[in-house]
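Each chain is listed here by its residues.
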Amino acid sequence: MPEKLSFYIQRSSAFHSLNPLTKLGLVFAFIVIAYTSPFYWTATVIFGLGVLPLAFVGRVQREFLLAALRLLVPVTGFIFIMQSLFLPGGERELFHFWVFRVTVESVAQAYLTVSRIFVMISAFILFLLTTHPSALMTDLTRRGLPGTFAYVIISTLQIIPQMQSKAQTIIAAQRSRGMETGGSLANRVRALVPLVGPLVFGSLVEVEERAIAIEARGFTSRLKKTSLYEIADTRLDRGLRWFLLGLVVLSVAARVLAG
Amino acid sequence: MKLLNSIKKDFNTMTWVLIPVAIAINVVIGQIVMVLKLPVYLDSVGTMLVGVICGPWAGALTGALANTIWGLAIDPNALPWWPVALLIGFVTGWCARGGLFRNTWKVLITGFLVALVAAAASAVVNMLLIGGITASGSSLITVYLLQTGRSMIDAVLTTNFLVEPVDKISTALLAFAIIRGLSVRYLARFPRPENAAVEKNDLVALIIGALVFVVYVILVGSFFNIMFLWVGLAVSAILVLAVVLISVLKKA
Amino acid sequence: MSIVELRNVTYQYPFSERPALEGIDLRIDEGEFVAVIGPNGAGKSSLCYTVSGFIPHFFKGELQGSVVVGGVETRQSTLAECVRRAGLAFQNPFNQISGAKYTVFEEIAFGLENLGVPREEMRARVERMLERAGIADLAGRSPYALSGGQQQRVALASILVMEPQVLVLDEPTSQMDPIGTREVFGMIKELAGRGLTVLMVEHKVEWVAAFADRVVALDGGHVIAQGRPEEVLTDPLLAERNFGLSRYTLAARAALQAGLWPAGRRLPVTLEEAVEGFKAAAA
Ligand SMILES: Nc1ncnc2c1ncn2[C@@H]1O[C@H](COP(=O)(O)OP(=O)(O)OP(=O)(O)O)[C@@H](O)[C@H]1O
Ligand SMILES: [Mg+2]
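In every chain, residue numbers begin from 1 and rise along the written sequence. Think of it this way: whatever chain is written first is A, whatever ligand is written first is 1, and the rest follow in order. Confidence filtering applies because this is a predicted model: local features only for residues at pLDDT of at least 70, side-chain atom pairs given and counted only at 80 or more, and all residues used for totals across whole chains, interfaces and linings. The side-chain values count all of the structure's non-hydrogen atoms but skip hydrogen atoms and water molecules.

Q: I tried to follow helix H3 (residues 45-53) of chain B on my own but got confused; where do I start?
A: Side chains of residues three or four places apart in an α-helix project in the same direction, reflecting 3.6 residues per turn. All names here are of chain B. Most of H3 is tucked away, with 9 of its 9 residues classed as buried. Accessible area is worked out with a 1.4 Å probe on protein chains only. A residue is then buried under 20% of its type maximum, exposed over 50%, and partly exposed in between. Put simply, DSSP H or I for four residues or longer makes a helix, DSSP E for two residues or longer makes a strand, and each gets a number counted from the N terminus. All of the buried residues along H3 are Val45, Gly46, Thr47, Met48, Leu49, Val50, Gly51, Val52 and Ile53. Taken from the residues just after H3, glycine 55 is the one with a positive phi, measuring 125°.

Spelled out as structure tokens, the structure:
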């Protein structure tokens, strides 16, 4: 079980030191452009000349490639094969066997979809590898996001691994008591209740005390909150964000014009 | 102004503390279900729970955050589906506000309504972002249907309307079981404890609940002929209208 | 001057049949250390919640009488204002971790962020607090990766850094092992030495005897006795009502009945007093 639920790798690089909102803007710009641009190879270019080199700039190339390999390649590979095989239509047949008929069109379409998914998810992986969750939340809070959101996000990231390790303990305990987690469907459904029950009720009971604890720390105070850390936001950041916005507008416009 | 107050009402400190726990419940139950290899996901139990005891806006936020965080921290492939999760929390919340989370039959109806919305929404996300065939197991149904000569959108919709009701009804029933296990004093701290006031099974709900099964059978028929999908959805629409009408009449 | 003043306070939780507190009158002076003892369900936690404003703001229900803390009626202000005057820490150290922060330093700063304290001042206050609580070496650790005693000291520090006028403690050591208990009491002793006003619920009467200026005994939502620790903690009434008294008191009581304790001598609370008494009896 991961102690901390976070991809973040602490390194110093030019990319790390960008403002979190700039990096988030970059991610969204990449995704929107990949999905809207009328040019077939846009997503491929964004990945090859955008996301991937930035992973090197951010000095997280190793972790980036590993994460992409683990999380992205199986899924996109599966989708690529399935869509190549099964997308209906298409004239120019590449080959066929048994009931499958693979056409140039279906492969082209499958590749387009997969390249877009690749950009969407790899851009997020890059973002997460180089941005600490609390830096992001601090920055967004400073920009006016209610402080309660920061609480919810960070708290969720910390609770999930705790619950997962509790779940492991409970599963192990029930198994040692002879509960079967295999066998017939009825068996497995029956196994669900003793696993889920203690976990869910245990964690719900704590909610009240935790609410009291954060209230005791002025959580609902109406004073304007401050923050322990200052997150840098340079001229470069602001310039970049405007530039990205411009690119997005261009891409959407090109799509509209291209019909 | 009324809208703003309705949103505000959903959020007190208990809500803010419950949301992370609910998201963790989604994740952990989802993973236990995978260990047990059950043919459902059950990964929105927590979202529904928040929708019921805190309200639709809190439910919507929980759903959206759950998928975003799941996507950002565990499996990025969950990311694109956040609008579906958002709607699950939202619809559950409104059903609960309409009194549809108080006995087993009503919860079943809620589960079905949520499933209809989720099926439609996930078809949209799928068509827009993934191109129809996803990496989940249910894609095998889609693929099979494509082989029989269906169009992509037909195949995706049919798949979703087959799969979602079973999952969302089970999820709603599990959420209901959890709520019944919580004490009145505990529930009273949340913004909308009245939504969870348990009542006896009533006849009307039973009849509608039975009708849900009939509709589901019709929807299953769409596996063989797409006509059944439209018939099933038309009957569902009538059912939804009936439910709304009954609850309005009851209030009046 | 009293900093806490409860006058004829009666409170009933929603959905409950009987009041948890009934006709409570209690004044706490500035700098006073008041300990509260009582059996399970006596209303000790309810009293803590009342002083810190969670009753009625968080628990709702019906609060009668007047609760004035730092000169302000709790009912008239928001909960966030109430907790600034009377900070609350309680049993379970794990549930007091906010969850919103990754390190002890940030955790302690959380309350100051909510109060809008400027960054420089915040840093200085957190650093000072870390020193005083003896947890400066933990500053960079995750609050979840600490022992119970350390977590409880972080919890206390997180409240104290907000500089409340009164510190309310609800059995802060009840879930600690002996080492954790000693750590936490060490910190409380330091606070008491600095003249902080404290209201503390505590079962461990030997510790109570060592710190408290005054002991309040609660039972069934009523104050049944109050006064100097050595008087209240040896009150025969308490033994009859199942209060968890010190084993030295209980031993001396038994000795008194058997004629082995000097007649007229007050019963002991601590080991030293017991030894003195038995020496006197033997002489
Ligand atoms: N949230 C609640 N809702 C309703 N009744 C409550 C609630 N919390 C406590 N009570 C009741 O109020 C009474 C006083 O409880 P309280 O928790 O103040 O006692 P306590 O002295 O702190 O007990 P303990 O030693 O168990 O901590 C009890 O009868 C209890 O059952
Ligand atoms: Mg108590």
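Q: How do you make sense of the packing of helix H1 (residues 20-36) of chain A against helix H8 (residues 235-258) of chain A when you look at a structure like this?
A: For any two helices packed against each other, one specifies the inter-axial angle together with the distance between the axes. All names here are of chain A. Here an axis means a line fitted to C-alpha atoms, over the contact stretch when the element is a helix, while the angle between two N-to-C directions is reported on a 0 to 180 degree scale. H8 packs onto H1 with a crossing angle of 10° between their chain directions and a minimal axis gap of 9 Å. In terms of their interaxial angle, H1 and H8 are classed as roughly parallel. Between H1 and H8 the crossing geometry is left-handed. Where H1 approaches H8, its residues Leu21, Thr22, Gly25, Leu26, Ala29, Val32, Ile33, Tyr35 and Thr36 are matched on the opposing element by Asp237, Leu240, Arg241, Leu244, Leu247, Val248, Ser251, Val252 and Arg255. A per-class count over the contact of H1 with H8 returns 11 nonpolar, 4 polar and 3 charged. Any angle that is under 35 degrees is reported as roughly parallel, and any over 145 degrees as roughly antiparallel; angles of 65 to 115 degrees are reported as roughly perpendicular and all others as oblique. By convention, the crossing between two helices is left-handed when the near helix turns anticlockwise from the far helix through less than a right angle, and right-handed when the turn is clockwise. Whether two residues are in contact is decided by their heavy atoms: any pair within 4.5 Å suffices. Residues are grouped as follows: Ala, Val, Leu, Ile, Met, Phe, Trp, Tyr, Cys and Pro are nonpolar; Asp, Glu, Lys and Arg are charged; every other residue, Gly included, is polar.

Q: When you look at the nonpolar core in this model, what are you seeing that I'm missing?
A: Nonpolar side chains tend toward joint burial in soluble globular proteins. We call a set of buried residues a nonpolar core when its members are Ala, Val, Leu, Ile, Met, Phe, Trp, Tyr or Cys and they connect through side-chain atoms within 4.5 Å of each other. Counting residues in each nonpolar core, the largest one holds 250 residues, and the members touching the most others are Leu204(A), Phe54(C) and Ile108(C). Broken down by element, the residue count for this core peaks at 15 residues, all from helix H2 (residues 13-35) of chain B. Sequence-distant contacts of Phe54(C), defined by excluding residues within four places in its chain, comprise Ile212(A), Glu215(A), Ala216(A), Tyr49(C), Phe59(C), Leu79(C), Val83(C) and Leu88(C).

Q: Mind showing me how you'd approach the interface of chain A and chain C here?
A: Accessible area lost on assembly of the parts is the figure often given for the size of an interface. Listed per partner, the contact involves 34 residues of chain A and 42 residues of chain C. Summing the contributions of chain A and of chain C, the shared interface buries around 3,400 Å²; its carbon and sulfur component is 58%. Salt bridges are counted wherever a side-chain nitrogen of Lys or Arg sits within 4 Å of a carboxyl oxygen of Asp or Glu. Across the contact surface, chain A and chain C share 2 salt bridges. With a closest N to O distance of 3.4 Å, Arg119(C) and Glu230(A) form a salt bridge. We call two N or O atoms a polar contact when they sit within 3.5 Å, provided that within protein one can donate a hydrogen and the other can accept it, with sequence-adjacent residues counted only if both atoms are side-chain atoms. At the junction of chain A and chain C, the tally comes to 16 residue pairs in polar contact (both at pLDDT 80 or more). Where the side of chain A that touches chain C is concerned, the elements lending two or more residues are helix H5 (133-142), helix H6 (147-176) and helix H7 (185-215) of chain A. Among the elements that make up the side of chain A that touches chain C, the one with the highest residue count is H7(A) (9 residues). Take the accessible area each of two parts loses on contact, using a 1.4 Å probe, and add the two losses: that sum is the buried area.

Q: When you look at the sheet that holds strand S6 (residues 86-89) of chain C in this model, what are you seeing that I'm missing?
A: Neighbouring strands of a sheet are bound in pairs by backbone hydrogen bonds; such pairs are parallel or else antiparallel. Residue and element names in this part refer to chain C. Reading across the sheet, the 6 strands line up as S6-S7-S8-S3-S9-S10 and stay open at both edges, with mixed pairing between neighbours. Because the sheet does not close on itself, it has two edges, and the strands there are S6 and strand S10 (222-227). Strand-to-strand twist in this sheet, taken as the mean axis angle between neighbours without regard to direction, amounts to 20°. Looking at chain direction, strand S3 (residues 33-37) and strand S9 (residues 214-219) are connected through 4 bridges and run parallel. The partner of alanine 35 across the bridge, within S9, is valine 215. By this definition, two strands are paired if DSSP reports at least two bridges between them.

Q: Sorry, what's going on with the interface of chain B and chain A here?
A: Between chain B and chain A, the residue contacts involve 55 residues of the former and 57 residues of the latter. Of the roughly 4,900 Å² buried between chain B and chain A, counting both surfaces, carbon and sulfur atoms make up 81%. Broken down residue by residue, the surface that chain B buries against chain A is led by Thr13(B), Trp16(B) and Leu36(B), which jointly contribute 12%. At the junction of chain B and chain A, the tally comes to 1 salt bridge. Of the residues forming the side of chain B that touches chain A, the biggest block, 18 residues, is contributed by H2(B).

Q: When you look at the packing of H3(B) against helix H5 (residues 82-97) of chain B in this model, what are you seeing that I'm missing?
A: Residue and element names in this part refer to chain B. In contact at an axis separation of 7 Å, H3 and H5 are set at 35° when each is read in the N-to-C sense. Along this stretch, H3 crosses H5, giving a crossing that reads as right-handed. Between H3 and H5, the contacting residues are Thr47, Met48, Gly51 and Val52 on the first element and Ala85, Ile88, Gly89, Thr92, Gly93 and Ala96 on the second. A breakdown of the residues in the contact of H3 with H5 according to their chemical character gives 5 nonpolar, 5 polar and no charged.

Q: Quick question: what am I supposed to make of unusual backbone geometry here?
A: Most peptide bonds take the trans configuration, and most residues that are not glycine carry a negative phi. Residues and elements named next belong to chain C. Cis geometry is found at the peptide bond from isoleucine 55 to proline 56, where omega equals 5°. Non-glycine residue lysine 60 carries a positive phi angle of around 55°. As for its position among the elements, lysine 60 is in the loop between helix H2 (54-57) and strand S4 (62-69). Not every positive phi belongs to a glycine, and glutamate 171 is a case in point at roughly 45°. Within the secondary structure layout, glutamate 171 lies in the loop between strand S7 (166-170) and helix H7 (178-193).

Q: How do you make sense of the pattern of salt bridges when you look at a structure like this?
A: Side chains that differ in sign of charge can pair as their charged atoms come close. In total, this model carries 25 salt bridges over all chains according to the counting rule given. Between Arg142(A) and Asp139(A) there is a salt bridge, with its nearest N and O atoms 3.0 Å apart. Residue Arg142(A) and its partner Asp139(A) are located together in helix H5, separated by 3 residues, close to a single helical turn. Since its relative accessible area comes to 0%, Asp139(A) is described here as buried. In this structure, Glu73(C) and Arg75(C) form a salt bridge, with 3.4 Å as the shortest nitrogen-oxygen distance. Counted as one network, the salt bridges with shared partners bring together Asp139(A), Arg142(A), Arg143(A), Asp233(A) and Arg241(A).

Q: I'm lost on the confidence of the model for chain B in this one. Help?
A: Of all residues in chain B, 100% attain a pLDDT of 70 or more, and the chain-wide mean is 89. At the level of chain-chain contacts, confidence expressed as ipTM amounts to 0.92, with global pTM at 0.92. Per-residue confidence from the predictor is reported as pLDDT, a score between 0 and 100.

Q: Looking at this structure, how should I read the site of ligand 1?
A: Proximity is defined per residue: any heavy atom of the residue falling within 4 Å of a molecule or strand makes that residue near it. Around ligand 1 lies a shell of 14 residues, among which Gly41(C), Gly43(C), Lys44(C), Ser45(C) and Ser46(C) are the nearest. Near ligand 1, residues from chains B and C are present, making the site a shared one. One of the backbone N or O atoms of Ala42(C) is found 3.1 Å from an oxygen atom in ligand 1. At a separation of 2.5 Å, an oxygen atom of ligand 1 approaches a polar side-chain atom of Ser46(C). Here ligand 1, which alone exposes 640 Å², has 75% of that area covered by the protein. Of the residues that constitute the shell around ligand 1, the class distribution is 4 nonpolar, 5 polar and 5 charged. The Shrake-Rupley method, run with a 1.4 Å probe sphere, supplies the accessible areas, and residue values consider only the shown protein chains as cover.

Q: In this structure, what is going on with the pairing of S7(C)? I would like to understand it.
A: For a regular strand, side chains alternate in direction, first toward one face of the sheet and then toward the other. Residue and element names in this part refer to chain C. The element S7 is extensively covered by neighbouring structure, given that 5 of its 5 residues are classed as buried. What you see with S7 is no split at all: Val166, Val168 and Asp170 on one side and Leu167 and Leu169 on the other are buried throughout. Of the strand pairs in this sheet, S6 and S7 are connected by 4 bridges, and their pairing is parallel. Along S7, the bridge assignment pairs glycine 87 with leucine 167. Across 5 bridges, S7 lies against strand S8 (residues 197-201) in parallel orientation. What sits directly across from leucine 169, in S8, is methionine 200.

Q: Just checking my understanding: could you explain the pairing of strand S1 (residues 93-97) of chain A for this structure?
A: All names here are of chain A. Where S1 lies against strand S2 (residues 100-103), 4 bridges are found, and the strand directions are antiparallel. Note that in S2 the partner of phenylalanine 97 across the bridge is phenylalanine 100. Counting the residues in the hairpin turn of S1 and S2 gives 2 residues, including tryptophan 98, whose phi is positive at 45°.

Q: How should the layout of surface pockets be read in this particular structure?
A: Empty space among the atoms becomes apparent when a probe as large as a water molecule is rolled across them. Only protein atoms enter the 1 Å grid, on which a cavity is a set of points fitting a 1.4 Å probe that cannot get out and a pocket is an open set with protein on both sides within 12 Å along at least 5 of 7 lines, lining residues being those with an atom within 4 Å of a point. Grid points are joined across faces, edges and corners, and a volume is the space filled by probe spheres set on the points. Approximately 1,200 Å³ is the volume attributed to the largest pocket. Contributing to the lining of the largest pocket are 49 residues, with Tyr41(B), Asp43(B), Ala78(B), Trp81(B) and Ser136(B) lying nearest its centre. Going through the elements one at a time, helix H3 (61-86) and helix H4 (104-130) of chain A together with H2, helix H4 (56-73), H5, helix H6 (104-130), helix H7 (139-147) and helix H8 (152-180) of chain B are the ones with two or more residues in the lining of the largest pocket. The greatest single-element share of the lining of the largest pocket, amounting to 7 residues, is contributed by H8(B).

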